[in-house]
Amino acid sequence: MSGRFVRASKYRHVFGRSTKKEQCYDNLRITNNAWDSNLIKVNPKFISVNWEAGGGGAFAVIPVNERGKLPEHMPLFRGHTAAVLDTDWNPFDDHVVASGSDDGKVGIYRVPENFTLYTNSDEPADVKPIERLSGHTRKVGHVLFNPAASNVLASSSGDYTIKIWDIEAKSCQLNLKHNDIVQSLSWSGDGSMLVTTCRDKKLRFWDVRQQKPVHELPGHAGAKNSRAVWMGELDRVATTGFSRMSDRQLGLWDTRNPKEPIGGFTVLDSISGVCMPFWDDGTQMLFLAGKGDGNIRYFEYTNDKFEFLSEYKSVEAQRGVAFIPKRGVDLHENEVMRAYKTVNDAYIEPVSFIVPRRAEIFQSDIYPPATGLKPALSGSDFFSGKDSSFPPKISLESLYEGQPAQEVPSDPAKPRSEPAAAAAAPSPVKTTPAAVPSPTKQEPSPITSRGPPPSSLNENKASMSAMASKFADKDEDASSDTSSFEEVSKPTLASRQDTRTGLRTPSPTKTSSAPAPAPISEGASFSGETVSTPSRAVSAAKEPEATASPSSKSAAEGIRGVLQEMKSLLAKQGQQLQEQGEQIASLTREVAALKSKIA
């Protein structure tokens, strides 16, 4: 093979960074209940934790900015007569949280303004629910807010049903009947559909407002619990479960035709703990956190498969994990996701997932618009059958600059694209979801380019590549490969000799499919977005335009061939620079890790 294939992705080197013990949330009494839920949930302001409390069930709410060792006596959220099994935060109101309990009730709570765990009272006042929803006849194991419609809540129960509640009307509007206990549930991005896993080993896709499954099919064959997560605005679902031999598996399903997982089940390992899946729509990444082990794997979804990126490893086992919404990450540290994991049922540790690059300015290529606090529908519109849509997006750049969140106008005629500042190296991480009103009508889009944002040097490199592309055949551009892999051709001797040749052209309007090329060392020099070249090369380039004789056409074809080989050499040089940069970044992280251990 004359070339080498390298998968281009700006998330290839994302790494997980742990938090020092003094910056964790310590001195907790996390519940010992064995029910399979995530134990904790988080939003940008608060963390909810299932609490080990006597005299009825309770959970604690911890402000995100109150770290360290927490007080012995703290206000709890009480109102249930049995253990709290699950909680969930309202995606459109950071002060509203729902809880499900072993007493068969659903509680709705509002966190008081200026809520803090540090009070002067020896017995701080507990918080009571503002609403109690009754209807289930057995324990409520899971609660989950609709991601697109306001005040719509789903709850699963040991009575084999999922109830869809209108919180404003304080009533159950829809009822989804199963054949056994529901093990997990997840909403689609527009809130119109629901996917569930069940103890009967069936995977079901529900049209919620029709109260019937659109598809019902065999899921993971193992006896242990399986989980499912809808992949945001895509028409794909990821599941985790076990094989008959108790191997942990990962599955990817097409929600339009889910007869079997795409490409079959992928075996992860033979660990016995349930694997909890979490999806991030902005980065198109799937995170898998196992119960009973301390590791968090993460994959990138591209070309209808999951590409393994890396794994955060820890000796501290976790039993509960939650991920913060994208509007809560630290944009100044290039943090793309943040997980909160329980450790020894005594404290909660934040784990940051960071793209290793400098961040003096907002990194628009790794932060596409994210879901904000405005719903797409009201609860009454949702239950009346109004067409669902995705919630409006907000610009994370406005949050980076400390301004109020600015809503990004949606344009259904155009796919979501990166800002003009990144035109030299566009990265269509998300192309079709924002342009398609229904998740059942879109195709997953491959991630074609995931390089770093262009600096002035990179712009010059891209300019040189575009100059070479100007004289290439147009048919060649139209048939270029759009996969997420780039072929770097081996240069020939002729291409080394012709690297002195360059052409002066205006700033490019599109990028080449090859990586940004390295500067030319022999004879050519960069100036802004143009290249100073010998007059002989300029006159040779203008000759095909001045005449139309056969000899001129032959010369033009020769120039095109030279330029194509030139592009190959530049591409290889750019790749070498990129690999060297990756090695430097890796060594820098290792040095930083060693320094932290020594300290």
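Conventions adopted
- Residues numbered from 1 in each chain as written.
- Predicted model: local features only at pLDDT ≥ 70, side-chain atom pairs only at ≥ 80, totals over all residues.
- Heavy atoms only, no water.
- Helix = DSSP H or I, 4+ residues; strand = E, 2+ residues; numbered from the N terminus.
- Buried < 20%, exposed > 50% of the residue type's maximum accessible area, 1.4 Å probe, protein only.
- Contact = heavy atoms within 4.5 Å.
- Areas by Shrake-Rupley, 256 points an atom, 1.4 Å probe, with all protein chains shown as cover.
- 1 Å grid on protein atoms, 1.4 Å probe; cavity = no way out; pocket = protein on both sides within 12 Å on 5 of 7 lines; lining within 4 Å.
- Points joined across faces, edges and corners; volume = space filled by probe spheres on them.
- Nonpolar A, V, L, I, M, F, W, Y, C, P; charged D, E, K, R; others polar.
- UniProt positions renumbered as here; feature names shortened; annotations may be inferred.
- Pairing = 2+ DSSP bridges.
- Axes fitted to C-alpha atoms, helices over the stretch in contact; angles between N-to-C directions.
- Core = buried A, V, L, I, M, F, W, Y, C linked by side-chain atoms within 4.5 Å.
- Phe/Tyr/Trp six-rings, centres within 6.5 Å; stacked < 30°, edge-to-face > 60°.
- Polar contact = N/O pair within 3.5 Å; in protein donor to acceptor, adjacent residues only side chain to side chain.
- Salt bridge = Lys/Arg side-chain N within 4 Å of Asp/Glu carboxyl O.

Colleague: Summarise the overall build of the protein; cite the residues concerned and give the values.
Modeller: When you go through the protein residue by residue, the secondary structure sums to seven helices and 37 strands. Looking at the protein residue by residue over its 599 residues, the buried ones come to 51%. Here the analysis covers contacts within the protein between residues at least 6 apart in sequence; of these, 58% occur between residues at least 24 apart. Accessible surface for the protein amounts to roughly 26900 Å². Of this, 50% is attributable to carbon and sulfur atoms.

Colleague: Explain the layout of surface pockets to me, and be specific about the residues and the numbers.
Modeller: Quantified by volume, the second largest pocket comes out at close to 1200 Å³. Forming the walls of the second largest pocket are 34 residues, and the residues nearest its centre are Gly16, Arg17, Ser18, Ala593 and Ser596. Elements represented by at least two residues in the lining of the second largest pocket include exactly strand 2 (15-17), strand 28 (305-312), strand 31 (347-354) and helix 7 (550-598). The greatest single-element share of the lining of the second largest pocket, amounting to ten residues, is contributed by helix 7. Residue composition of the lining of the second largest pocket, by class: 14 nonpolar, nine polar and eleven charged.

Colleague: Let's hear about the UniProt feature "coiled-coil region" (unreviewed entry) in the protein: which residues, and what values?
Modeller: Here the UniProt-annotated "coiled-coil region" (unreviewed entry) positions come out as residues 570-597. Spanning residues 570-597, this segment combines 100% helix with 0% strand, and its end C-alpha atoms are found 41 Å apart.

Colleague: Quick one: what's the story with the sheet that holds strand 21 (residues 227-230), residue by residue and with numbers?
Modeller: On the basis of which strands lie adjacent, the open sheet formed by four strands has the order 21-22-23-24 and antiparallel pairing. Bordering the open sheet on either side are strand 21 and strand 24 (266-269), each of which pairs with just one other strand. Ignoring strand direction, the axes of neighbouring strands in this sheet form an average angle of 25 degrees. As paired elements, strand 23 (residues 248-254) and strand 24 share three bridges and run antiparallel to each other. Counted as the bridge partner of Leu250 is Thr266 from strand 24.

Colleague: Which residues make up the environment of Gly55, and what values do they have?
Modeller: Tracing the chain through its elements places Gly55 in the loop between strand 5 (46-50) and strand 6 (58-63). For the pair formed by Gly55 and His80, sequence separation is 25 residues and the distance between their alpha carbons is 9.4 Å.

Colleague: Run through the nonpolar core, naming residues and quoting values.
Modeller: By size, the foremost hydrophobic cluster in this structure holds 59 residues, and its most contacted members are Ile47, Phe287, Phe323, Tyr340, Ile348 and Phe353. When residues in this core are grouped by element, the largest group, five residues, is from strand 6. Those residues in contact with Ile47 that sit more than four places away from it in its chain are Tyr25, Lys41, Val42, Ala60, Val61, Ile62, Val64, Trp89, Tyr340 and Ile348.

Colleague: Lay out the packing of aromatic side chains in plain terms, naming residues and giving numbers.
Modeller: Within this structure, the stated rule accounts for 23 aromatic pairs. Here the aromatic rings of Trp253 and Phe265 are separated by 5.8 Å at their centres, their planes lie at 70 degrees, and the arrangement is edge-to-face. With Trp253 in strand 23 and Phe265 in the loop between strand 23 and strand 24, this residue pair connects regions lying twelve residues apart in the sequence. Since its relative accessible area comes to 30%, Phe265 is described here as partly exposed.

Colleague: Before we move on, could you go through empty space enclosed by the protein and cite the residues and values that matter?
Modeller: According to the stated counting rule, one finds six cavities of 30 Å³ or more in the structure shown. Roughly 60 Å³ of volume is contained in the second largest cavity. As for the second largest cavity, its lining consists of Thr197, Cys198, Lys201, Lys202, Leu203, Gly219, His220, Ser226, Thr239 and Trp253. Listed by contribution, the elements that provide at least two residues to the lining of the second largest cavity are strand 18 (193-198) and strand 19 (202-207). Partitioned by chemical class, the residues of the lining of the second largest cavity number three nonpolar, five polar and two charged.

Colleague: Any chance you could break down the side chain of Ser314 for me, citing the residues and the numbers?
Modeller: The topology assignment puts Ser314 in the loop between strand 28 and strand 29 (321-323). A distance of 3.1 Å separates a polar atom in the side chain of Ser314 from the backbone nitrogen of Glu316. Ignoring sequence-local partners within four residues, the contact set of Ser314 consists of Gly294, Asn295 and Lys341.

Colleague: Account for unusual backbone geometry, naming residues and giving values.
Modeller: Even without being a glycine, Lys170 presents a positive backbone phi close to 60 degrees. One can find Lys170 in the loop between strand 15 (161-166) and strand 16 (171-177). One non-glycine residue with positive phi stands out, namely Ser246, at about 65 degrees. With respect to the element layout, Ser246 can be found in the loop between strand 22 (236-242) and strand 23.

Colleague: I'd like a description of the pattern of salt bridges, backed by residues and values.
Modeller: What the rule picks out here adds up to 30 salt bridges. Residues Asp280 and Lys326 are paired through a salt bridge, measuring 3.0 Å at the closest nitrogen-oxygen approach. With Asp280 in strand 25 (residues 275-280) and Lys326 in the loop between strand 29 and strand 30 (335-343), this pair connects stretches of sequence that are 46 residues apart.

Colleague: Requested: an account of the pairing of strand 5, with residues and values cited.
Modeller: Of all five residues making up strand 5, five are buried, and the element is well covered by its neighbours. On strand 5, burial covers both faces: Phe46, Ser48 and Asn50 on one face and Ile47 and Val49 on the other are all buried. Taking the residues that link successive antiparallel strands as the turn, the strand 4 (residues 40-42)-strand 5 hairpin has three residues. Sheet topology note: the strand 5/strand 6 ladder contains five bridges and is antiparallel. When the sheet's bridge partners are listed, Ile47 is paired in strand 6 with Ile62.

Colleague: I'd like to hear about the sheet that holds strand 18, residue by residue, with values.
Modeller: Strand order across the open sheet formed by four strands is 17-18-19-20, with antiparallel pairing between neighbours. Strand pairing shows two members of the sheet lacking a second neighbour, strand 17 (182-187) and strand 20 (212-218), which therefore form its edges. Here the average twist between neighbouring strands, direction ignored, is 20 degrees. Pairing of strand 18 with strand 19 involves five bridges; the strand directions are antiparallel. In the sheet register, Thr196 faces strand 19, and the bridge partner there is Arg204.

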